[in-house]
Amino acid sequence: MKYNTLGTSGLEVSEIALGCMSLPEDPKQARAIIDEALDNGVTYFDTADFYGKGKNEAIVGGALGDRRQDIILASKVGNEWSEESDEVKWNPTKAYIKEQIHHSLRRLNTDYLDLYQLHGGMISDNSEETIDAFEELKKEGLIRAYGISSIRPNVIHRFLDNSEIASIMMQYSLLDRRPEEFLPEIGQSGRSVVARGSLAKGLLTAEGPKRAEKMGDYLQYGPDQLSSVLNKLSAIHDNVHSLALHSILADRTVSSAVTGASSTEQLRDTLQAYHQTVSPQQIDAAKAATRLDRYEQHRD
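Residues numbered from 1 in each chain as written. Predicted model: local features only at pLDDT ≥ 70, side-chain atom pairs only at ≥ 80, totals over all residues. Heavy atoms only, no water.

(A) Molecular detail of the overall build of the protein. A count of helices and strands for the protein gives 11 helices and 12 strands. In terms of overall size, the protein behaves like a compact globule, its C-alpha atoms giving a radius of gyration of 19 Å where 300 residues would be expected to give roughly 19 Å. Dimensions of the protein, computed from C-alpha atoms along their principal axes, come out at roughly 50 × 45 × 40 Å. Across the 300 residues in the protein, those meeting the buried criterion constitute 55%. Within the protein, counting contacts between residues at least 6 apart in sequence, those at least 24 apart form 75% of the total. Accessible surface for the protein amounts to roughly 13500 Å². Of this, 45% is attributable to carbon and sulfur atoms. Charged side chains in the protein number 33 positive and 45 negative. The centres of these two groups are separated by 1 Å. (Helix = DSSP H or I, 4+ residues; strand = E, 2+ residues; numbered from the N terminus. Rg over C-alpha atoms; globule rule 2.2 N^0.38 Å. Buried < 20%, exposed > 50% of the residue type's maximum accessible area, 1.4 Å probe, protein only. Contact = heavy atoms within 4.5 Å. Areas by Shrake-Rupley, 256 points an atom, 1.4 Å probe, with all protein chains shown as cover. Lys, Arg positive; Asp, Glu negative; His and termini not counted. Charge placed at Lys NZ, Arg CZ, Asp CG, Glu CD.)

(B) Fine view of the environment of Glu136. Along the chain, the position of Glu136 falls in helix 4 (residues 127-139). Of the residues examined, Glu136 reaches a relative accessible area of 24% and is grouped as partly exposed. Taking the C-alpha atoms as reference points, Glu136 and Ile168, 32 residues apart in sequence, are found 20 Å from one another. Every residue in contact with Glu136, bar those within four places of it in the chain, is listed here: Lys94 and Lys98.

(C) How the structure looks around the packing of aromatic side chains. Across all of its chains, the model carries 3 aromatic pairs by this definition. With 5.1 Å between their ring centres and 5 degrees between their planes, Phe134 and Tyr146 make a pair best called stacked. Remark: Tyr146 occurs in strand 9 (residues 143-149) and Phe134 occurs in helix 4; sequence separation between them is 12 residues. In this pair, the class of Phe134 matches that of Tyr146, namely buried. With a centroid separation of 6.1 Å and 20 degrees between ring planes, the pair formed by Phe182 and Tyr295 is classed as stacked. Note that Phe182 is positioned in the loop between strand 10 (167-171) and helix 6 (183-188) and Tyr295 in the segment after helix 11 (280-289), a separation of 113 residues in sequence. Summarising the burial analysis for this pair, Phe182 and Tyr295 share the class buried. (Phe/Tyr/Trp six-rings, centres within 6.5 Å; stacked < 30°, edge-to-face > 60°.)

(D) Structural context of the pairing of strand 9. By the criterion of burial, strand 9 is predominantly enclosed, with 6 of the 7 residues buried. Of the crossover connections in this fold, the one passing from strand 8 (residues 113-118) over helix 4 to the parallel strand 9 is right-handed. As paired elements, strand 9 and strand 10 share 3 bridges and run parallel to each other. In the sheet register, Gly147 faces strand 10, and the bridge partner there is Ser167. (Right-handed = clockwise from strand over helix to strand, strands pointing away. Pairing = 2+ DSSP bridges.)

(E) Structural detail: the packing of helix 9 (residues 240-249) against helix 11. Axis separation between helix 9 and helix 11 bottoms out at 10 Å; the angle between their running directions is 95 degrees. What the angle tells us is that helix 9 and helix 11 run roughly perpendicular. The segment helix 9 lies against helix 11, with Leu243, His246 and Ser247 engaging Gln282, Ile283, Ala286 and Lys287. Of the residues contributing to the contact of helix 9 with helix 11, the split by class is 3 nonpolar, 3 polar and 1 charged. (Axes fitted to C-alpha atoms, helices over the stretch in contact; angles between N-to-C directions. Parallel < 35°, antiparallel > 145°, perpendicular 65-115°, else oblique. Nonpolar A, V, L, I, M, F, W, Y, C, P; charged D, E, K, R; others polar.)

(F) Spotlight on the sheet that holds strand 5 (residues 72-77). Pairing within the closed barrel is parallel, and its 8 strands lie in the order 3-4-5-8-9-10-11-12. If you compare each strand with its neighbour and ignore which way they point, the axes differ by 30 degrees on average.

(G) How the structure looks around the pattern of salt bridges. Here the structure, examined in full by the defined rule, presents 18 salt bridges. Across the pair Lys94 and Glu136 runs a salt bridge whose closest N-O atoms are separated by 2.5 Å. One end of the pair, Lys94, is in helix 3 (residues 94-108); the other, Glu136, is in helix 4, and 42 residues separate them in sequence. When the shortest N-O distance is used, the salt bridge between Lys287 and Glu180 registers 3.3 Å. Placement of Lys287 in helix 11 and of Glu180 in the loop between strand 10 and helix 6 is noted, with a sequence separation of 107 residues between them. (Salt bridge = Lys/Arg side-chain N within 4 Å of Asp/Glu carboxyl O.)

(H) Fine view of the environment of Ser173. Assignment of secondary structure puts Ser173 in the loop between strand 10 and helix 6. The buried category is assigned to Ser173, whose relative accessible area is 0%. Taking the C-alpha atoms as reference, Ser173 lies 8.1 Å from Leu245; in sequence the two are 72 residues apart. Among the polar contacts made by the side chain of Ser173, one reaches the main-chain amide nitrogen of Leu175 at a distance of 3.0 Å. (Polar contact = N/O pair within 3.5 Å; in protein donor to acceptor, adjacent residues only side chain to side chain.)

Rendered as structure tokens:
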């Protein structure tokens, strides 16, 4: 496993991170997946207070046991949910962030988070207040670094220009290459991108063709286009899963790819794919076979 520095934070993260949202609610099954990850060099675990209305954080905290010191633990904040209904409000206020960190720490059974991320963001937010909240949490020793999870260019630029974020989590895959427009700027600023959705809901795995039949289309790819591009990628490399991971990680701005797993078998497939060789020529061919779209909204 290769490890990269997350922006200017000094945190060293594994190139493959475990996205914990998909973990089973059964404690034994969840622990088996986390054990498998740790045994194979995965040290970066990502969750959010919104997943399962806090249940996912509690599952992660319980499954990690006494190995907290061996990992980089990240969570997210900003979605205020109701215990009584499915209503969710966006709340990036300082008071809310500083209140919620304590609930996350309790559920995760830890005294601090390595990375605390704003789980979204809008240009209408009072970002100064949000940034101030994260900075105070750093000074209080409750977090080591902070970042944002956003695909909105105007929000990304605001935080790049006005905050000390270490990272930006963005959906980035061979089937969604929109972040490539901003990777040079983010990298030159010293920050890192954490890629989520790099397997495109399983389309970029061995199960891709079957999933494509059920999904029909994906983003800007219609059914015929999706089937065609998956065939092209399969012709480039015999393991599309591997091609997908390495195509994203090839850019030095991307510190880690966050991949989910609901079973140890899924995690093993990802780790096996990660350790398989992919040449620069194959990555170039994969990029030539896929769309390079750009974000059309939230640019101003």
